[in-house]
There are 2 protein chains.
Amino acid sequence: MAAKRIPTEGPCLLTAREAAWRIAEGALNSSELVAACLERIAAEEERVQAWEFIDRDKAMAEAEERDRRRRRGWPLGPLHGVPVAIKDIIDVKGMPTANGTPIDAGRRPFEDATVIRRLRAAGAVILGKTVTTEFAYYHPGKTRNPHDPGRTPGGSSSGSAAAVAAGMVPLALGSQTNGSVIRPASFCGVIGFKPSFGAVPRTGVLTLAPSLDQVGVFARTIEDAALAELLMGPDGRDADVLESPGPLIGTALSEPLVTPALAFVKTPIWESADASTRDAFGELGEALGEQADEVELPEVFSRGIGWLGSVMAAEMARNLGHYVDRAPDRISEKFCQLIADGRAMRAPDYLAARDMRWVLRDALGPIFDRFDAIVTPAAPGEAPEGLEGTGDPVFNSLWTFCGLPTISLPLMTGPNGLPLGVQLVGQYGQDARLLRTARWLVRTLSGEGDA
Amino acid sequence: MAAKRIPTEGPCLLTAREAAWRIAEGALNSSELVAACLERIAAEEERVQAWEFIDRDKAMAEAEERDRRRRRGWPLGPLHGVPVAIKDIIDVKGMPTANGTPIDAGRRPFEDATVIRRLRAAGAVILGKTVTTEFAYYHPGKTRNPHDPGRTPGGSSSGSAAAVAAGMVPLALGSQTNGSVIRPASFCGVIGFKPSFGAVPRTGVLTLAPSLDQVGVFARTIEDAALAELLMGPDGRDADVLESPGPLIGTALSEPLVTPALAFVKTPIWESADASTRDAFGELGEALGEQADEVELPEVFSRGIGWLGSVMAAEMARNLGHYVDRAPDRISEKFCQLIADGRAMRAPDYLAARDMRWVLRDALGPIFDRFDAIVTPAAPGEAPEGLEGTGDPVFNSLWTFCGLPTISLPLMTGPNGLPLGVQLVGQYGQDARLLRTARWLVRTLSGEGDA
């Protein structure tokens with residue numbers, strides 16, 4: 001579980017919640033914290049390349065303003081003075097948002113995304129924009145894995161995962177349409193949390209496939225991941241957001257009344273996991289003893305990944321096809337192929353695939369009747385070598401498709417000593433219970449728990 | 001405005017609200033009322049052919065049970081003892097629901113649709129199932145226009161409109177995916193009210209195009225149309241139902257604080273209205289004087305009817321294509337063509353068309369900032385001669401596409417003395433205000449109002 005080259009002290013290693021407490025108490029200034037993070041970035045950025053844009057002066061000015069507010073005794077939000085990193089497909093007013101494509105270089109949104117407005121209302125300092133793959137699809141950006149710069153950090157939320165892993169910032173926003181939060185969290189050895197579909201408004205976030213797009217967070221503790229509750233609830237603009245599954249923090253920090261039970265699900269693509277990953281999960285199952293039972297998914301789930309692919313292709317063709325029409329020579333071949341595939345798809349086939357989201361979700365009902373969460377790998381293995389790809393989201397697709405809350409926990413290491421995430425998947429809308437179960441699992445495996 | 005051959009007395013001519021009051025007071029028995037309606041049906045059905053299924057004994061038994069409840073002093077719902085007719089695409093437990101196709105002849109649902117459960121909870125007696133066109137699309141059923149049996153009653157809610165017009169029942173349910181409530185209401189000279197999209201759950205109603213399908217009611221007064229509030233609000237199963245725009249009745253019966261202003265909208269298809277209809281609306285505009293201003297829609301609206309057609313074809317191919325695969329020889333050519341068109345449609349084109357629903361709705365914002373409702377024809381003219389078609393929904397498509405609440409008021413007659421509806425369209429979610437404006441218009445034009 002040892003992470004390589006990750007710093008072990010200094011204010012930039014505080015969790016977001018610790019930092020907010022210290023700032024609120026006057027034991028730490030926001031400007032000290034932001035300066036420490038900027039220093040850490042200056043030291044590591046050449047190696048990690050997590051950032052697309054930072055305005056150091058503006059960040060320091062914002063931090064100083066937060067400190068003035070505190071000194072004047074104004075009410076403080078739960079993230080007052082804490083820096084947060086933002087994936088570069090999320091609009092931040094006053095910062096360029098380039099969506100991972102040179103076509104949008106220099107694009108400056110006129111308005112904050114809803115999640116940015118909510119972060120600011122909570123007192124956060126928006127530190128800057130982190131690298132995303134091209135249109136948050138596969139073609140990689142410049143970011144490297146902080147644990148081994150010769151390997152991918154995963155994608156598409158590459159920079160957000162790497163920045164948190166490298167101790168540059170305690171909290172970062174990402175998004176997941178297939179595996180873009182859970183996979184990079186696994187590869188970078190941080191916590192990645194993707195709430196239930198419809199929990200967090202996507203207003204001001206690049207639209208890939210609205211039936212699948214979901215905002216998530218990267219953090220170094222489960223308590224910090226629970227800060228996602230600040231992002232949740234209707235904004236009157238994203239019609240898919242019905243109600244908030246929060247609040248999360250109270251439940252996440254509470255003890256389960258009954259020892260949780262986990263369903264160990266290999267999924268239909270188990271054989272695509274590395275042999276070492278399969279072995280590690282076998283050992284995990286043994287360590288959990290009677291708290292985990294292996295559960296086989298119904299046959300229909302073997303088609304889920306294909307259905308997700310159909311929905312992604314059709315909806316991304318609808319929403320992003322215009323880029324291909326405008327500047328095909330500045331877009332990756334893989335993305336052009338996706339758009340072509342989506343454009344070739346027939347409407348009724350798309351609709352049939354999309355309808356299966358809720359069929360599969362319902363089919364998981366009996367599992368969640370009996371188990372608190374599903375446990376399964378977050379990725380097939382460690383971060384692959386090379387920077388040409390971002391790894392395989394195959395262990396994420398089913399849960400994204402069903403819109404279930406899911407979290408990656410950096411509880412394992414692979415054969416090369418690199419992180420490997422344990423993925424927990426919760427019942428739809430039961431985000432708080434998922435985080436509570438995750439905290440129980442972490443404590444149990446570290447010997448602090450009661451199992 | 002004189003309706004031909006429509007009865008002028010007897011309990012079956014009571015409005016639903018009057019009937020419910022009399023029953024609650026003990027001045028009328030439900031069994032008397034239901035018997036009167038059944039008698040009226042027996043006298044007129046051969047001529048009108050509104051019904052697909054009636055179980056007289058069961059209806060009488062239900063009515064007697066309602067009378068017993070009242071005599072025992074049990075709490076009574078707002079429709080206690082009142083018979084209601086149900087379009088034959090809406091599931092009623094214990095009655096066959098054939099969806100207008102011989103393929104589903106004898107199909108008996110195991111469960112009531114949500115709207116049926118709500119009607120029963122309000123005390124209504126489900127009298128029977130009314131004729132629908134094939135799959136609620138164009139191919140006509142057997143129903144004739146009560147005002148002239150040589151003419152269509154309109155469709156697809158043919159039987160529901162005709163039954164209310166012929167005095168067989170005070171209230172009937174229909175549905176509208178394009179113009180299937182407003183058009184038959186216009187042709188039959190009754191009130192048709194289609195609430196805002198997402199107001200009424202469609203659980204248990206045949207799914208044609210879920211982005212467009214909307215449940216509506218037929219009645220003889222606006223107060224009765226306001227009883228649609230009993231059907232509204234989430235049922236936990238139809239995900240498109242967010243919240244109820246009701247309650248309606250109180251507002252519908254109230255006086256407007258300020259004299260309403262109407263936007264007279266000719267729509268881009270004005271030339272497809274009969275000359276007599278265009279003349280009649282010119283006279284209506286003059287009668288309304290400064291309470292109505294002509295407003296021209298932005299150019300983009302000329303494409304709205306085509307977009308609705310695309311969404312209908314794609315979604316109906318998805319949801320009803322299996323009928324064509326199973327029994328192509330028992331399905332009309334027009335329906336087979338629709339399914340073929342939908343199957344040929346590309347997914348991104350479908351998605352682009354569907355997204356325009358909310359673009360057009362937003363584009364109407366400035367009109368509803370200034371006007372209480374849009375006034376426009378409910379149909380191009382009187383019911384056409386012949387029974388081979390059901391008339392043209394062209395004046396309904398835009399409002400259905402945008403999901404706006406709309407009502408047809410039997411305020412005009414055409415050159416042959418047949419009814420012609422005035423359509424009022426309200427702001428999204430402002431169903432109550434639409435009904436209040438409609439009541440004001442009816443009273444104003446009849447000389448009872450203040451205009």
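Basis of the calculations
Residues numbered from 1 in each chain as written. Chains lettered and ligands numbered in written order. Predicted model: local features only at pLDDT ≥ 70, side-chain atom pairs only at ≥ 80, totals over all residues. Heavy atoms only, no water. Least-squares fit on C-alpha atoms with pLDDT ≥ 70 in both. Contact = heavy atoms within 4.5 Å. Pairing = 2+ DSSP bridges. Helix = DSSP H or I, 4+ residues; strand = E, 2+ residues; numbered from the N terminus. Axes fitted to C-alpha atoms, helices over the stretch in contact; angles between N-to-C directions. Phe/Tyr/Trp six-rings, centres within 6.5 Å; stacked < 30°, edge-to-face > 60°. Buried < 20%, exposed > 50% of the residue type's maximum accessible area, 1.4 Å probe, protein only. Lys NZ or Arg CZ within 6 Å of the ring centre and 35° of its normal. Buried area = accessible area lost by both parts, 1.4 Å probe. Salt bridge = Lys/Arg side-chain N within 4 Å of Asp/Glu carboxyl O. Nonpolar A, V, L, I, M, F, W, Y, C, P; charged D, E, K, R; others polar. Polar contact = N/O pair within 3.5 Å; in protein donor to acceptor, adjacent residues only side chain to side chain.

Student: What should I look at first to understand the relation of the copies chain A and chain B in this one?
Tutor: Think of it as a corkscrew move, a rotation about one axis and a shift along it, taking one chain copy to the other. When chain A is fitted onto chain B, the two copies agree to an RMSD of 0.0 Å after a turn of 179° and an axial shift of 0.0 Å. Expressed as an axis order, the relation between the two copies is that of a two-fold axis. Across chain A, the rotation axis passes nearest the C-alpha of Ala347(A), at a separation of 1.9 Å. Interface overlap between copies is the fraction of interface residues in one copy that are interface residues in the other; for chain A against chain B it reaches 94%, indicating a shared surface.

Student: Explain the sheet that holds strand S9 (residues 373-377) of chain B to me, please; I cannot follow it from the model alone.
Tutor: Two pairing modes exist for strands in a sheet, parallel and antiparallel, and in both the strands are linked by backbone hydrogen bonds. Residue and element names in this part refer to chain B. Strands sit in the order S1-S3-S2-S4-S6-S5-S10-S11-S9-S7-S8 across an open sheet of eleven strands; the sheet is mixed. Two strands close off the open sheet at either side, each with one partner strand: strand S1 (51-54) and strand S8 (292-294). The mean inter-strand angle of the sheet, taken between neighbouring strand axes irrespective of direction, is 30°. Strand direction decides the pairing type here: strand S4 (residues 171-176) and strand S6 (residues 214-219), joined by six bridges, are antiparallel. Across the sheet, residue Ala 172 finds its bridge partner in S6, namely Phe 218. Against the sheet, helix H15 (residues 431-445) contacts strand S5 (191-194), strand S7 (262-264), S9, strand S10 (406-413) and strand S11 (419-425), and its axis sits at roughly 10° relative to S10.

Student: For this particular structure, what's the right way to read the packing of aromatic side chains?
Tutor: To describe a pair of aromatic rings, you give the distance between the ring centres and the angle between the ring planes. Applying the stated criterion to the full structure yields 19 aromatic pairs over all chains. When the ring of Tyr137(A) is compared with that of Tyr138(A), the centres are 4.7 Å apart and the planes differ by 70°; the resulting orientation is edge-to-face. Residue Tyr137(A) is classed as buried on the basis of its relative accessible area, which comes to 14%. With 6.5 Å between their ring centres and 90° between their planes, Trp270(B) and Phe281(B) make a pair best called edge-to-face. Here Trp270(B) is found in the loop between S7 and helix H9 (275-288), whereas its partner Phe281(B) is found in helix H9, with eleven residues between them in sequence. The two residues Trp270(B) and Phe281(B) agree in class, both being buried. Chaining the aromatic ring pairs together yields one cluster made of Phe135(A), Tyr137(A), Tyr138(A), Tyr323(A) and Phe335(A). The ring centre of Tyr428(B) lies 3.6 Å from the NZ or CZ of Arg361(B), which sits over that ring.

Student: Before we go on, may I ask you to explain the interface of chain A and chain B in this structure?
Tutor: By a frequent convention, interface size equals the accessible area lost on bringing the separate parts together. Contacts between chain A and chain B engage 18 residues on the former and 17 residues on the latter. By the criterion of area lost to chain B, the three top residues of chain A are Arg318(A), Arg346(A) and Pro348(A), representing 38% of everything that side buries. Remark: the boundary between chain A and chain B carries two salt bridges. Taking the shortest distance from any N to any O, the salt bridge between Arg318(A) and Asp355(B) comes out at 2.9 Å. No other element matches helix H12 (residues 347-363) of chain A, which puts seven residues into the side of chain A that touches chain B. Its residues placed into classes, the side of chain A that touches chain B shows ten nonpolar, two polar and six charged.

Student: It is not clear to me how the environment of Ala317(B) should be interpreted in this structure. Could you clarify?
Tutor: Mapped onto the fold, Ala317(B) is located in helix H10 (residues 304-326). Taking C-alpha positions, Ala317(B) is 29 Å from Ala383(B), a pair spaced 66 residues apart along the chain. Setting aside residues up to four positions removed in sequence, Ala317(B) forms contacts with Pro348(A), Met312(B), Ile339(B), Gly342(B) and Arg343(B).

Student: Would you take a moment to explain the pairing of strand S6 (residues 214-219) of chain A for this structure?
Tutor: Working note: regular strand, side chains alternate between the two faces of the sheet. All names here are of chain A. For S6, the buried fraction is high: six of the six residues fall into the buried class. Neither face of S6 is exposed, since Gln 214, Gly 216 and Phe 218 on one face and Val 215, Val 217 and Ala 219 on the opposite face are all buried. Of the strand pairs in this sheet, strand S5 (residues 191-194) and S6 are connected by three bridges, and their pairing is antiparallel. In the sheet register, Ile 191 faces S6, and the bridge partner there is Ala 219.

Student: How should the environment of Arg237(A) be read in this particular structure?
Tutor: Residues and elements named next belong to chain A. Of note, Arg 237 is situated in the loop between helix H7 (222-225) and helix H8 (249-253). For the pair Arg 237 and Thr 114, spaced 123 residues apart in the sequence, the C-alpha separation amounts to 9.1 Å. Here Arg 237 is in contact with Glu 111 and Thr 203, once residues within four sequence places are set aside. Of note is the side chain of Arg 237, whose polar atom sits 3.0 Å from the side chain of Glu 111.

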